[in-house]
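Chain residues, written in single-letter form:
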Amino acid sequence: MKKQSNNMKSLVQFIKFVLFSASAGIIQVLVFTLLNEVVIKLPFIQNAMENSETFAKIMTNEYGPIYLIALLTSVLWNFTFNRKFTFKSAANIPIAMLKVLGFYAVFTPISTLLGNYFTAEYANISSINYIVLGCTMIANFLSEFIYDKFIVFNDTVKPKEEKEQQPERVGN
């Protein structure tokens, strides 16, 4: 019976993670699209790319900087809601954020380099930025759920039965 209960809790947790990740994904796509279709084409951005060698170098392949801004936005959204509602963690937020930072310290450079490579290599495909973004988001979703569940929030989430069995501390 207890195993069924734990399985059901894990399923509910996974469904919540999917829903919050979907909302973060929507935010990431919206930010990416806004930057890719509107901001990058603004005259002052185009002017800066023409007149600033450093800015032009950063924006050589616009995918990387645009992807990083969109990713950061979605990560903050996803972390906030999954910590509170999916994993119901009362963990030390800075410690949990550092653990998530550890995940993204590995994931972000790899996904950015691969994204830059594929968007440059297949630049003749008009929607390549969005294809690469979609593939990256799927890889992020799958790997982050496992990482969050077993590393970031594993030690901080106690089953309800354990919470009820622990006596409350009175005084010192």
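Structure: above.
Residues numbered from 1 in each chain as written. Predicted model: local features only at pLDDT ≥ 70, side-chain atom pairs only at ≥ 80, totals over all residues. Heavy atoms only, no water.

*Asks:* Let's hear about the overall build of the chain: which residues, and what values?
*Replies:* A tally of helices and strands in the chain yields seven helices and zero strands. Its helices and strands in sequence order give the chain the pattern α-α-α-α-α-α-α, from N to C terminus. In the chain, buried positions account for 31% of the 172 residues. Long-range pairs, those at least 24 residues apart, make up 80% of the contacts in the chain between residues at least 6 apart in sequence. Total accessible area on the chain stands at roughly 11,300 Å², and carbon and sulfur atoms take up 68% of it. (Helix = DSSP H or I, 4+ residues; strand = E, 2+ residues; numbered from the N terminus. Buried < 20%, exposed > 50% of the residue type's maximum accessible area, 1.4 Å probe, protein only. Contact = heavy atoms within 4.5 Å. Areas by Shrake-Rupley, 256 points an atom, 1.4 Å probe, with all protein chains shown as cover.)

*Asks:* Quick one: what's the story with the pattern of salt bridges, residue by residue and with numbers?
*Replies:* A side chain with one charge can pair with a side chain of the opposite charge if their charged atoms come near. What the rule picks out here adds up to one salt bridge. Residue Lys41 is joined to Glu37 by a salt bridge in which the shortest nitrogen-to-oxygen separation is 3.5 Å. Judged by its relative accessible area of 38%, Glu37 falls in the partly exposed class. (Salt bridge = Lys/Arg side-chain N within 4 Å of Asp/Glu carboxyl O.)

*Asks:* Explain the environment of Ile151 to me, using residue names and the numbers behind them.
*Replies:* Tracing the sequence through the fold places Ile151 in helix H6 (residues 128-152). Linking Ile151 and Ala96, residues 55 residues apart in sequence, is a C-alpha distance of 9.2 Å. Those residues in contact with Ile151 that sit more than four places away from it in its chain are Lys99 and Ile146.

*Asks:* Got a sec to walk through the packing of aromatic side chains? Specific residues and values, please.
*Replies:* Applying the stated rule across the entire model yields 21 aromatic pairs. For the pair Tyr63 and Tyr67, a centre-to-centre distance of 5.5 Å together with 10° between the ring planes defines the contact as stacked. On the criterion of helical spacing, the pair formed by Tyr63 and Tyr67 is a turn pair, its members being four residues apart in helix H4 (residues 63-86). Tyr63 gets classed as buried once you look at its relative accessible area, which sits at 1%. When the ring of Tyr104 is compared with that of Phe107, the centres are 6.0 Å apart and the planes differ by 85°; the resulting orientation is edge-to-face. A residue pair is termed a helical-turn pair when its members lie 3 or 4 positions apart in one helix, as Tyr104 and Phe107 do in helix H5 (residues 93-121) at three residues. In textbook terms, an aromatic cluster arises when at least three aromatic residues are bridged by ring pairs, as seen for Phe14, Phe17, Phe79, Phe87, Phe141, Phe145 and Phe153. Between the NZ or CZ atom of Lys149 and the centre of the ring of Phe150, over which it lies, the distance is 5.8 Å. (Phe/Tyr/Trp six-rings, centres within 6.5 Å; stacked < 30°, edge-to-face > 60°. Lys NZ or Arg CZ within 6 Å of the ring centre and 35° of its normal.)

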